[in-house]
Amino acid sequence: MTDTKTNAMWGGRFAAGPDAIMEAINASIGFDQRLAKQDIDGSRAHAAMLAATGIVSDSDVEAIRKGLLTVLSEIEGGAFQFSTALEDIHMNVEARLKEIIGEPAGRLHTARSRNDQVATDFRLWVRDQCDAAIAGIEALMRALLAQAEAGADWVMPGFTHLQTAQPVTWGHHMMAYVEMLARDRGRFIDARARMNESPLGAAALAGTSFPIDRHMTASALGFDRPMANSLDAVSDRDFALEFLAAASICAMHLSRFAEELVIWSSAQFRFVRLSDRFTTGSSIMPQKKNPDAAELIRAKIGRIFGANVALMMVMKGLPLAYSKDMQEDKEQVFDAADNLMLALAAMDGMVRDMTANREALERAAGSGFSTATDLADWLVRILGLPFREAHHVTGSLVAMAEGAGVDLPDLTLAQMQSVHAGITDDVFAVLGVHNSVASRISYGGTAPAQVRAQIARWKEMLT
């Protein structure tokens, strides 16, 4: 493929080509070659429109169509030689197209600019990434649903401040992440819908005098409509920012779950056992089984959130319309998308493979006076105490149990009645962890019946 500076897109305006430093800072082909398929799809749609509107002859467009398919085949087959001197994916494709079909290749760029071309390519790529993220999230949601269904009535401690608070069910805890991921899924769906407008045909910034049909190209590329303002069309990167924002929140949720898996798989907790596929050993300590996949997922939020901030900084001071700064919009989005998909896949695998330790969960559920709130509620509901008084009575009983080195259910009725004479034997029915979780029947509560209802709802929604 030709690789000379005489083919530079500046044409006759500049006598000398850029030196090595300028070439290095100006070229984007090192990363934007990832847009090859989207670039060729956009060019094919543009060429078909040029023929349909009579701007370019049918014979030239047919040559362009066949030539573009050849270029795509070379790229996908690994035979294409990318040239830094040709700067970007657009000029690399066009130069190779000219080598294949000759003079008609020069007509492809009629009524468009690299500005609307790159905006279209990048929007198509990010749209594809939204679809991939949605699929990855749904796969992880299904894995969590399977875990929740298996342990819908298994008791475990619920925490606040990482201190034992109240008993919950394993299924309820798993379903909390299903809800988080559902919001992530919704954000990607919303972002995709908002970005589904076509910049193609906006040209450099002002539109074009050629009688193009932007609705035709928009439809051909799966967009809902063309963008309504040519300045906005070439200068907007909100779609990439929305993708990064959604990715950042999703990665944060993955990081929170990863942190719990790190804690839960430790020898001090033993709540879960992670499979060998997602753990590593120690080079010196043979007993170790390190949750490396979870730890790396926990770290991914830094890269993904960093990409979000980086693109915000690129865009924050740019006047309309296009500025070369916007060439810096892609690398961080590519990196964030890659790492989000890797984190989703790794978490999906860990969740599908992990084994919850039901016995350890239940032992922990009953520790730390986890049913104290149940006792306070019983005092209100049965004895009619004001909640603040019930809270005080319960606190006194907790202190008594703690001093005796026992848990609340281990206190005798006489000990309890020494704090409040109205307490009866019936109180012991609410102090068991299974009774506690079964009583939480409010919508969205941890009662197994509520958990199973939510599982059924989500299984239906994800079919």
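Residues numbered from 1 in each chain as written. Predicted model: local features only at pLDDT ≥ 70, side-chain atom pairs only at ≥ 80, totals over all residues. Heavy atoms only, no water.

**Q** Could you give me a rundown of the overall build of the protein, with the residues and numbers involved?
**A** Of regular secondary structure, the protein possesses 18 helices and six strands. Here the C-alpha radius of gyration of the protein, 31 Å, is well above what a compact globule of 463 residues would show, namely 23 Å. Of all 463 residues assigned to the protein, the portion counted as buried reaches 49%. If you take every contact in the protein between residues at least 6 apart in sequence, the share linking residues at least 24 apart comes to 75%. (Helix = DSSP H or I, 4+ residues; strand = E, 2+ residues; numbered from the N terminus. Rg over C-alpha atoms; globule rule 2.2 N^0.38 Å. Buried < 20%, exposed > 50% of the residue type's maximum accessible area, 1.4 Å probe, protein only. Contact = heavy atoms within 4.5 Å.)

**Q** Can you lay out the pattern of salt bridges for me, pointing to particular residues and giving the numbers?
**A** Applying the stated criterion to the full structure yields 29 salt bridges. In this structure, R457 engages E179 in a salt bridge whose closest nitrogen and oxygen atoms are separated by 3.0 Å. Taken together, the residues span a long stretch of sequence, with R457 in helix α18 (residues 448-461) and E179 in helix α7 (residues 170-195) at a distance of 278 residues. The network of salt bridges with shared partners includes E87, D88, R114 and K324. (Salt bridge = Lys/Arg side-chain N within 4 Å of Asp/Glu carboxyl O.)

**Q** Account for the packing of aromatic side chains, with residues named and values stated.
**A** Counted under the stated rule, the structure contains 11 aromatic pairs. With 4.6 Å between their ring centres and 65 degrees between their planes, W125 and F334 make a pair best called edge-to-face. Residue W125 is located in helix α6 (residues 114-150), and its partner F334 is located in helix α12 (residues 331-353); the two are separated by 209 residues in the primary sequence. For the pair shown, W125 and F334 are each scored as buried. (Phe/Tyr/Trp six-rings, centres within 6.5 Å; stacked < 30°, edge-to-face > 60°.)

**Q** How would you summarise a nonpolar patch on the surface if you had to cite specific residues and measurements?
**A** A cluster of nonpolar side chains, F305, V309, M312 and M313, forms an exposed patch at the surface whose accessible area comes to about 380 Å². Assignment of secondary structure puts F305 in helix α11 (residues 292-315). (Patch = residues over 30% accessible without salt bridge, like charges linked within 9 Å, V, L, I, M, F, W, Y side chains within 5 Å. Areas by Shrake-Rupley, 256 points an atom, 1.4 Å probe, with all protein chains shown as cover.)

**Q** Tell me what's going on with the nonpolar core, and back it up with residues and numbers.
**A** Within the largest apolar cluster, 101 residues are counted, with the highest numbers of intra-cluster contacts made by W170, F188, L254, F257, W264 and M347. Counting residues per element, this core draws most heavily on helix α10 (residues 238-264), at 16 residues. Setting aside residues no more than four positions away along its own chain, W170 makes contact with Q147, G151, W154, M156, W264, V272, M354, A356 and L361. Listed in part, the 19 residues of the second largest apolar core include L379, A390, M416 and V427. (Core = buried A, V, L, I, M, F, W, Y, C linked by side-chain atoms within 4.5 Å.)

**Q** Outline the layout of surface pockets, listing residues and values.
**A** Any space left empty among the atoms is revealed by the rolling of a water-sized probe across them. Here the largest pocket is characterised by a volume of approximately 530 Å³. Considering the residues around the largest pocket, the lining is formed by 24 residues, among which G158, F159, T160, H173 and E260 are closest to the centre. Where the lining of the largest pocket is concerned, the elements lending two or more residues are β1 (155-160), β2 (163-169), α7 and α10. When residues of the lining of the largest pocket are assigned to their parent elements, the largest contribution, six residues, is made by α7. Partitioned by chemical class, the residues of the lining of the largest pocket number 11 nonpolar, eight polar and five charged. (1 Å grid on protein atoms, 1.4 Å probe; cavity = no way out; pocket = protein on both sides within 12 Å on 5 of 7 lines; lining within 4 Å. Points joined across faces, edges and corners; volume = space filled by probe spheres on them. Nonpolar A, V, L, I, M, F, W, Y, C, P; charged D, E, K, R; others polar.)

**Q** Quick one: what's the story with unusual backbone geometry, residue by residue and with numbers?
**A** Between L320 and A321 the backbone carries a cis peptide bond, its omega angle lying at 5 degrees. Notably, A111 is not glycine yet its phi reads approximately 65 degrees, a positive angle. Along the chain, A111 turns up in the loop between α5 (89-101) and α6. Its identity as a non-glycine residue notwithstanding, R270 has a phi of 55 degrees, on the positive side.

**Q** Account for helix α14 (residues 372-383), naming residues and giving values.
**A** Here α14 spans 16 Å end to end across 12 residues, near enough to the 16 Å set by a 1.5 Å rise per residue. Looking at α14, one finds that the buried residues are A372, D374, L375, A376, W378 and L379. If you follow the buried residues of α14, they end up packed against β2, α15 (387-404) and α17 (433-439). Immediately downstream of α14, the backbone of G384 shows phi near 75 degrees, a positive value. (Expected span 1.5 Å × (residues − 1).)

**Q** Explain the packing of α7 against α18 to me, and be specific about the residues and the numbers.
**A** Closest axis-to-axis distance for the α7/α18 pair is 10 Å, and the angle between their directions is 35 degrees. Here the hand of the crossing between α7 and α18 comes out left-handed. Here G171, H172, M175, V178, E179, A182 and R185 of α7 lie close against α18, whose contacting residues are V451, Q454, I455, R457 and W458. (Axes fitted to C-alpha atoms, helices over the stretch in contact; angles between N-to-C directions. Left-handed = near helix turned anticlockwise from the far one by under 90°.)

**Q** Now, about the side chain of H90: what can you tell me, with residues and values included?
**A** Relative to the assigned elements, H90 resides in helix α5. With relative accessibility at 4%, the residue H90 sits in the buried group. A polar contact of 3.3 Å, which involves the side chain of H90, links it to the side chain of D121. (Polar contact = N/O pair within 3.5 Å; in protein donor to acceptor, adjacent residues only side chain to side chain.)

**Q** Now, about the confidence of the model for the protein: what can you tell me, with residues and values included?
**A** Close inspection of predicted coordinates is inappropriate in any region flagged by low pLDDT. Per-residue confidence for the protein gives a mean pLDDT of 92; residues scoring 70 or more make up 94%. Of the regions scoring below 50 in pLDDT, residues 1-6 engages in 15 contacts with residues more than four places distant in sequence or in other chains. (pLDDT = per-residue confidence, 0-100.)

**Q** Lay out the state of the cysteines with the relevant residues and their values.
**A** Summed over all chains, the structure comprises zero disulfides. In this structure C130 is a free cysteine whose sulfur lies 11 Å from that of C250, the closest cysteine sulfur available. For C130, a relative accessible area of 0% corresponds to the buried category. (Disulfide = S-S within 2.5 Å.)

**Q** Give me the pairing of β1: which residues, what numbers.
**A** In the sheet, β1 pairs with β2 via six bridges, with the strands oriented antiparallel. Across the sheet, F159 pairs through a bridge with T164, a residue of β2. Between the end of β1 and the start of β2, which pair antiparallel, lie two residues, with H161 showing a positive phi angle near 60 degrees. (Pairing = 2+ DSSP bridges.)

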